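# Coordinates in review
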Amino acid sequence: MEEHDHLAHERNKAEFEVNDMKIVWAGSRQAFEVSNRMSRLVASDPVFEKSNRAVMTRKELFKNTLRKSVHAWKLINELPLSDEESLMLRSFMDQPGFMDLHWRMFVPAIKGQGTEEQKQKWLSLANKMQIIGCYAQTELGHGSNVQGLETTATFDPQTDQFIMHSPTQTSSKWWPGGLGKVSTHAVVYARLITNGKDHGVHGFIVQLRNLDDHSPLPGITIGDIGVKFGNGAYNSMDNGFLMFDKFCIPRDQMLMRLAKVTREGKYVPSDVPRQLMYGTMVSVRQTIVSNASIAMARAVCIATRYSAVRRQFGSQNGGIETQVIDYKTQQNRLFPLLASAYAFRFVGEWLKWLYTDVTQRLEASDFATLPEAHACTAGLKSMTTSATSDGIEECRKLCGGHGYLWCSGLPELFAVYVPACTYEGDNVVLQLQVARFLMKIVSQLGSGKAPAGTTAYMGRAKHLLQCHSSIRKAEDWLNPAMVLEAFEARALRMAVSCANNLSKFENQEQGFSELLADLVEAAIAHCQLIVVSKFIDKINGEIKGKGVKNQLKNLCYIYALHLIHKHLGDFLSTNTITSEQASLASQQLRSLYSQLRPNAIALVDAFDYTDHYLGSVLGRYDGNVYPKLFEEALKDPLNDSVVPDGYHEYIRPLIKQHLRSARL
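Scoring rules and cut-offs
Each chain has its residues counted from 1, running along the sequence as written. Reporting in this predicted model follows two pLDDT cut-offs: at least 70 for local features of residues, and 80 or more for side-chain atom pairs to be given and counted; totals over whole chains, interfaces and linings ignore these cut-offs and use all residues. Side-chain metrics in this entry use all non-hydrogen atoms of the structure; hydrogen atoms and water are not considered. Between Lys or Arg on one side and Asp or Glu on the other, a salt bridge is scored when a side-chain nitrogen of the former is within 4 Å of a carboxyl oxygen of the latter. Numbering of helices and strands starts at the N terminus; helices are DSSP runs of H or I of at least 4 residues and strands are runs of E of at least 2. Think of it in three bands: with a 1.4 Å probe and only protein chains considered, a residue is buried below 20% of the maximum accessible area for its type, exposed above 50%, and partly exposed in between. Two residues qualify as a contact provided that any one of their heavy atoms is within 4.5 Å of a heavy atom in the partner residue. The criterion for strand pairing is that DSSP finds at least two bridges linking the strands in question. UniProt positions are given in the numbering used here, feature names are shortened, and annotations may be inferred rather than shown by experiment. Either an automatic procedure or a domain database provided the assignment from which the domain bounds are taken. Here the quantity called buried area is the accessible surface, traced with a 1.4 Å probe, that two parts lose on coming together, added over both. Here a polar contact means two N or O atoms within 3.5 Å. Within protein one must be a hydrogen donor candidate and the other an acceptor candidate, and residues neighboring in sequence count only if both atoms are side-chain atoms. Side-chain classes are defined by residue name, with Ala, Val, Leu, Ile, Met, Phe, Trp, Tyr, Cys and Pro counting as nonpolar, Asp, Glu, Lys and Arg as charged, and the others, Gly among them, as polar. Orientation is described by axes fitted as lines to C-alpha atoms, over the contacting stretch for helices, and by angles from 0 to 180 degrees between their N-to-C directions. Angle categories are assigned with fixed cut-offs, so that under 35 degrees is roughly parallel, over 145 is roughly antiparallel, 65 to 115 is roughly perpendicular, and the rest are oblique. Note on convention: the crossing is left-handed when the near helix lies turned anticlockwise from the far helix by less than a right angle, right-handed when the turn is clockwise.

### Some details on the pattern of salt bridges
On inspection of all chains with the given rule, the structure shows 33 salt bridges. For arginine 53, the salt bridge is made with glutamate 412, and the minimal N-O distance between the two is 3.1 Å. Here the residue arginine 53 occupies a position in the loop between helix 3 (29-43) and helix 4 (58-78), and glutamate 412 occupies one in helix 11 (residues 410-417), the gap between them amounting to 359 residues. Both residues of the pair, arginine 53 and glutamate 412, belong to the buried class. For the salt bridge of arginine 263 with aspartate 160, the shortest nitrogen-to-oxygen distance reads 3.8 Å. With arginine 263 in the loop between strand 10 (259-261) and strand 11 (267-269) and aspartate 160 in the loop between strand 2 (152-156) and strand 3 (161-165), this residue pair connects regions lying 103 residues apart in the sequence.

Quick look at the structure:
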């Protein structure tokens, strides 16, 4: 325990062993030890200092990011660090930069889409950072609609080259991270044209800059797209634009694992199934879901600690005021977010298993589970990132006025996180993909083909469409089977309702277009069921540690019952539960808040975040908030002088002016 720990009295209330929960949160003792070691390595290194980001100019911030990224790479090689440790180190560095895209997008794209020869050539350079890459897919005019990309790659058989060209302004590559100022190479997605025929979008490895002086190569126009939302935040990343003016690359720089172009210009698909590419997509989206739990946990940690420090009202006869965390209104807003952080963590763990399972099946040419895996990862990416973005903002409001200060850590966290709702698939578009999958499953219910995996519950359609919840008292809402049945019945009934409404249209696509809003809601209901079911699986599994399982049960039911409260219209309109049962759920929820209250600080301590990583005066481990707020205020450049610059030029003449009459 730290000296002058203002939250010590809160930590002493805990009804479980915090170190045991830290291991549960991390996933294993080994993962906890790696995370703990890397977070403290970063926190103790002055190069990774980040408290001054808000007052940096864009150029200073960008150069600072380059310094930190190169220093991290140096540590990775000198210590040396394993792949797992390297990933953790870059994560705790907590500053978006070019390495994120190099390792998470550029290298995996070559691994997944390149031939053995291409991987040997390009990965040997990329793995040593002798070239720096990015992933250039999104264009000014097209993001979600990848098939609508306009950049062309036309094969010229005379020179044995592809001619990369941006035929319109909207065909400019726009947004790729690392592209603006750093990347020497990119995997560029363009329309492949041979002998006048368009073969659709394919990937190409393209060198962008001279490796000696970093200048753009002739035929390439490239730069940064400008300042983005927030102070500091994602402005450390050089999101860029790119235009080609008939820029030529060798034929062998087309990524040719799935298809190739011969010397004569013949387009030849390979016998490698295109479905193999979905493995990478599952991996990327699984990472995004895991990152959602981390971002939510950071915000909740700050808001929970500050809610325990902050006192307001409730003083009796001049006595001490009430801790804000003891108000039921605060608990009703805060504790479901705490539960969400754990829920997203556990569904992220399950997605890791799903990725491993899908990968093994793909390698064995078994594509049976691929549609479900795609729908799961698309829907969960959408649901968790939307909930986390909203959750971070709610945590800011839970911290009152001080939450609006940059030094609270919450404004920058929100600004850094919120683009996750858009990148790797717009969240609404992704839920519509889930909805299409669900409509297909519903259409097959009478065919004898049993739904599997996360849609297995639809195989009990007859029961779920007719059943009535057997909840009789508040404690029944702690029965996992009853909770699960409520979520299953709601999800199925919403999906079947959409399918029935679709069947009324002669043109299915027109019907789909008309019912978009309902379809999105049905998809969200399905995804929430997945998260609830995986949380229930977790608490039903083997969990070590004194009191840990009880706390996880409380969190699980808080998550589930708050969803019922939030989406009560769905549950009532589908006749899944009655209004009386809804009242019982609210009653049980209040009881769960009271049970969680003494453990709240210990539950956020279990995230094991250093003060450096949290980057928040309000969320300090020791709770010493108010003196530190003053320290941060005095550091502001405006306080370098008592009399501000501009006083003599503007303020003094204003207050010394002589007017015939003064008017307000």
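### Considering the side chain of asparagine 554
In this fold, asparagine 554 is placed in helix 17 (residues 548-566). Classification of asparagine 554 by relative accessible area gives buried; the value is 10%. In this structure asparagine 554 touches Leu592 and Gln595, once residues within four positions along its chain are discounted.

### What about the sheet that holds strand 7 (residues 220-224)?
As summarised here, the arrangement of the 3 strands in space is 4-8-7, forming an open sheet in which the pairing is antiparallel. Sheet topology places strand 4 (173-174) and strand 7 at the edges, where each strand pairs with a single neighbour. Bridge count for strand 7 against strand 8 (residues 240-244) is 5 bridges, and the pairing is antiparallel. The residue bridging glycine 223 from the neighbouring strand is phenylalanine 241, located in strand 8.

### Describing the UniProt feature "domain: Acyl-CoA oxidase C-alpha1" (unreviewed entry) in the protein chain
In the numbering used here, UniProt assigns the feature "domain: Acyl-CoA oxidase C-alpha1" (unreviewed entry) to residues 278-439. In this annotation, residues 278-439 is assigned 73% helix and 0% strand; the end-to-end C-alpha distance for the span is 21 Å.

### Structural notes on the domain arrangement of the protein chain
Each domain of the protein chain was delimited in the assignment, giving domain 1 (108-270) and domain 2 (279-449 + 477-605). The straight-line distance from the C-alpha centre of domain 1 to that of domain 2 is 36 Å. Between domain 1 and domain 2, the residue contacts involve 8 residues of the former and 10 residues of the latter. Both faces considered, domain 1 and domain 2 share a buried interface measuring about 660 Å² in area, 70% of it formed by carbon and sulfur atoms. On the domain 1 side of the interface with domain 2, the three residues burying the most area are Phe229, Ala233 and Tyr234, jointly 57% of the side's total. Summed over the shared surface of domain 1 and domain 2, the number is 2 residue pairs in polar contact (both at pLDDT 80 or more). In the side of domain 1 that touches domain 2, the residues fall into 4 nonpolar, 4 polar and no charged.

### Overview of the pairing of strand 8
Covered by surrounding structure in strand 8 are Gly240, Leu242 and Phe244 only, the residues Phe241 and Met243 on the alternate face being uncovered. Pairing geometry for strand 4 and strand 8, over 2 bridges, is antiparallel. Directly across from tryptophan 174, in strand 8, lies its bridge partner phenylalanine 241.

### Focus on the UniProt feature "binding site: FAD" (unreviewed entry) in the protein chain
As annotated in UniProt, the feature "binding site: FAD" (unreviewed entry) corresponds to Thr138 and Gly177 in the numbering used here. The named residues occupy 40 residues along the chain; their greatest pairwise C-alpha distance, 10.6 Å, places them in one compact cluster. On the secondary structure map, threonine 138 appears in the loop between strand 1 (133-136) and strand 2. Once residues within four sequence positions are removed from consideration, threonine 138 is found in contact with Gly143, Ser172, Lys173, Trp174 and Pro176.

### Concerning unusual backbone geometry
Between leucine 79 and the following residue, proline 80, the backbone shows a cis peptide bond with an omega angle of -25°. When you line up the elements, proline 80 lands in the loop between helix 4 and helix 5 (83-93). Even without glycine at this site, asparagine 195 takes up a positive phi of about 50°. Relative to the helices and strands, asparagine 195 resides in the loop between strand 5 (185-194) and strand 6 (197-207). In this model, aspartate 608 sits at a positive phi of 60°, which is unusual for a non-glycine residue. By the element assignment, aspartate 608 lies in the loop between helix 20 (600-605) and helix 21 (611-614).

### Points about the packing of helix 10 (residues 370-398) against helix 11
Running from amino to carboxyl end, helix 10 crosses helix 11 at an angle of 165°, the nearest separation of the two axes being 9 Å. In this view, helix 10 runs roughly antiparallel relative to helix 11, as classed from their interaxial angle. Here helix 10 and helix 11 pass one another in a crossing that is left-handed. Residue-level contacts link Thr384, Thr385, Thr388, Ser389, Ile392, Glu393, Cys395 and Arg396 of helix 10 to Leu410, Leu413, Phe414 and Tyr417 of helix 11.

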